[in-house]
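# Notes for the structure review
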Amino acid sequence: MTVWRWGCAAFAISFVGDLAHAEPARLFRLPAEPVDTALVRFGVQGGVSVGGFPAPGCSGHSRAVLGLMPPSVALRRLLPPGCGFSRIDARAFRIEAVDPPARPVVAQAAPHETDLAELVVTAEKRTEPLRGSPFAVTALDGQAVERLGAKSFADLALQIPAVAETNLGPGRNKLFIRGLSDGAFTGRTQSTVGLYLDDTPISYNAPDPDLRLSDIAQVEVLRGPQGTLYGSGSIGGIVRIVPRPPDPKGYAAWVQGEAVLNERRDRSFGAEAMVNIPLLSGQAAVRAVAYTEDLAGYLDNPGLGLDDVNHGKRRGARVSGLVDLASGWQARASWVRQDILTSDSQYTQGGDTLSRAARILEPHDNDFTQVAVGLNRQGSRYGLRMSAAYIDHDLATRYDASGTFGLAPDRIAAFDEAQRVGLLVAEALLTSNGEGRLRWLLGAFGSSSLERSGGVLEATLSGGAKASLYARRDRLKEAAVFGEVAYDLAPPLTLTLGGRLFATRVETWSGDFELAARPLRDVAAHLSDQGFAPKARLSYAFSPNFVLYAQAQDGYRAGGFNVPAAADGMAGGPEVTGFRPDRLRSYEAGGEARLFAGRLALRAAVYKALWRNVQTDQFRPSGLPLTLNIGDGKNIGTEFEATWRPDRHWTLRVNGLFNGPELTRAADVFPAKVDVGLPGVANRTFGASVAYGFDLPQNWRGELTAQAAYVGRSFLTFDGATASAMGDYAQGRIAARLENPDWQVEAYVANVTDERGNTFAYGNPFSRTRAIQATPLSPRTYGLALRRRF
């Protein structure tokens, strides 16, 4: 024991001393290439500036560099004989010629010009260049997000392989990745996709809050179950939205206005602004974004004599700050707020016209708030990152419930559903930053969510009463420790092993059953679960431009409870019905290849997912929600994406998914078939975009872009009823942009062909059995945006 205590003390002293004195390390993956190209790539990956080049006598090809190290070490290894450098400041170097070697280096012709901007992803909780990453990931930088005209992640979904999203309305949708759908409805189940804003989960068991992608650095999508690193609620994968961080190096600001007109002649306007202010002589900075926009309506309600009833508004702001502390520590904090209010639902009923003759409107309110803090330090041997956040997500929805719950068919009534989720989450992560064959990370995670929800029947609209159907409180706690080790068995061959030891506990209370068919007492129950989520991967890097991998990993979700069946006024049903945790294991193989001097980048994967005790949110005949285990499922599929940059003008991206999600065993608890696919996800999807940039006089630059996407046929429910068929549509967008350092103007047309397509065969749980429901695409829309930079 004495030896153990002395050993732990020595490790702690070494660790603290390393963080206090070492130069911050960065991950470098630099191939051997012409030195001028290598210096550009080095500056991007190292976050530093490089000047003084070309320097007389410094030419030729660089040396390959791979590993996590301080920029000065990487630069020293990178430069060929005859080249040296001096440090200007902490973030800048100057290249200088040194005495020539005994044998002169022969300069070689530079390859065809390519895009040298090297994206870095952190979706696997350590910094990795996108190039050569041995896992299924897509990353789009802020420029690509703007080029695609994406105002929210839903606008990006079809341009990223294997991603799908329902279309119930702004702030009401569910995300799916790789066809792993637990059903198209939102209820008690946790999300199958973890949605993160920087390091914070923002959709634990609520719909996508539909945050506006304003001033975004990049968007990362990690496909496949991520139970080892991200825990519960990441069965399909994760989506990580990374805002632009505060920049201590200089002031920046811009303002933008936008005007939109759709084919229904509904006008809408928007405005947003950003300001970045350095503080404390470049040691700190604050960055703020604010926006407001109209959400154009396009559905009419002839019964009430109203046009464009699904008009909405989205307003929000984000403020973030960072400060560089002593000994290389950095602290950061952020606050995010967004409100979405839509006046009515966006589904049609009983026809293909853009109208719905409802007796009342169905508004939706979605308010999202996040406060986050973090502290990190990267040393040459170890890195430490700690973060904590609190999320408050408040949702309120009204449905037309006329003629339900025993009311006469002519009695007008509304069902008001309220949901408020408070989530507290914290994580600490320790990573190795060494140059050796062994790399590792260790983490600890804890979260506690409290959800308050309820349903009220409002029949006073026609002289009736107001009554509570149910009220409930659900608390979910999760604690976990996790780790991952990567070891280079040989220079090109790496074995990665990881695991997560977790424990979850669900506590529920429900009551206020004022419409129950028989007297019901308040219900209290709890459920605990624990387990281990493993991960294994073997990757082989033939070169920095050609990598193959094979891996297996798990995902999981916690269980829970339903409101008693008799709460809806119908007799029968157990007092408490619980649903069990579900588990998913995925096997996949894939890789990346960069061909033709880097002009063509290909990524592809094949996978098989096995899903046990699939949880799903469905509806009882009364329209009240029900969560259950529908059976077992699987999915076998292949996905691909390619980016072609033949020169500095053209960029072409294509992506696709072929898969066959299905139930392999249907539990005898709800209508389901084993051969119709999983709800809300198509067997195939495709996306493509093309951009052409060109230079103009007076420092102006222009760009023309076009994109298209296709979504195959799918069903709303597990029984594959004909009335629930949807999908099988295509849509496109074209845009033109002009910009210089001060101004940017863009004109665009969305849904160019005015495609009507049924994107989602659902809108109201109380009337969906009485008429066919469909959600059409937004009609053709014209937009004009103007931005001024300062």
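Residues numbered from 1 in each chain as written. Predicted model: local features only at pLDDT ≥ 70, side-chain atom pairs only at ≥ 80, totals over all residues. Heavy atoms only, no water.

Further remarks concern the pairing of strand E16 (residues 267-279). Bridge analysis of strand E15 (residues 252-262) against E16 gives 10 bridges, and the strand direction is antiparallel. In the sheet register, Val260 faces E16, and the bridge partner there is Ser268. One ladder, built from 10 bridges, connects E16 with strand E17 (residues 284-295); its direction is antiparallel. Pairing of Ala271 across the sheet is with Thr292, part of E17. Count of turn residues in the E16/E17 antiparallel hairpin: 4 residues, of which Leu280 carries a positive phi of about 55°. (Pairing = 2+ DSSP bridges. Helix = DSSP H or I, 4+ residues; strand = E, 2+ residues; numbered from the N terminus.)

The next point concerns the pattern of salt bridges. Under the definition given, this model contains 50 salt bridges. The shortest N-O distance in the salt bridge between Arg583 and Asp529 comes to 2.6 Å. Of the two residues, Arg583 is situated in strand E31 (residues 582-595) and Asp529 in strand E27 (residues 523-543); the sequence distance between them amounts to 54 residues. Among the residues examined, Asp529 registers a relative accessible area of 13% and is labelled buried. In this structure, a network of salt bridges that share partners links the residues Arg178, Arg223, Glu588, Glu639 and Glu641. (Salt bridge = Lys/Arg side-chain N within 4 Å of Asp/Glu carboxyl O. Buried < 20%, exposed > 50% of the residue type's maximum accessible area, 1.4 Å probe, protein only.)

All right, on to the sheet that holds strand E8 (residues 137-141) then. Taken together, 5 strands build an open sheet; the order of strands is E8-E13-E14-E11-E12 and the sheet is mixed. Of all strands in the sheet, those with a lone pairing partner are E8 and strand E12 (200-201), marking the two edges. With 7 bridges connecting them, strand E13 (residues 216-223) and strand E14 (residues 237-243) associate as antiparallel partners. Across the sheet, residue Glu220 finds its bridge partner in E14, namely Arg240.

This part is about unusual backbone geometry. Look at Lys125: it is not a glycine, yet its phi comes out positive at around 65°. Along the chain, Lys125 falls in the loop between strand E6 (120-121) and strand E7 (128-129). At Arg178, a position not held by glycine, the phi torsion is positive, near 60°. In this fold, Arg178 is placed in the loop between strand E10 (175-177) and strand E11 (193-197).

Read across the open sheet, the 3 strands follow the order E2-E5-E4; overall the sheet is mixed. Of all strands in the sheet, those bounded by a partner on one side alone are strand E2 (49-51) and strand E4 (83-89). Across the sheet, the mean angle from the axis of one strand to that of its neighbour is 30°, orientation sign disregarded. Across 3 bridges, the pairing between E2 and strand E5 (residues 92-97) is parallel. When the bridges of E5 are listed, Gly51 appears paired with Arg94. (Axes fitted to C-alpha atoms, helices over the stretch in contact; angles between N-to-C directions.)

Our focus in this paragraph is the side chain of Ser345. Relative to the elements of secondary structure, Ser345 occurs in the loop between strand E19 (330-342) and strand E20 (348-349). Reaching out from Ser345, the side chain makes a polar contact with the side chain of Glu362 at a distance of 2.8 Å. In contact with Ser345, not counting residues within four places along its chain, are Arg172, Leu299, Asn310, Arg356 and Glu362. (Polar contact = N/O pair within 3.5 Å; in protein donor to acceptor, adjacent residues only side chain to side chain. Contact = heavy atoms within 4.5 Å.)

Under the 1.5 Å per step criterion, the end-to-end length of helix H2 (residues 35-46) is 16 Å for 12 residues, consistent within 8% with the ideal 16 Å. Taken residue by residue, H2 has Val35, Thr37, Ala38, Leu39, Arg41, Phe42, Gly43, Gln45 and Gly46 as its buried positions. Where H2 ends, the next residue or the one after it, Gly47, has phi of about 65°, a positive value. (Expected span 1.5 Å × (residues − 1).)

Everything listed here is a matter of geometry and, on its own, says nothing about what the molecule does.
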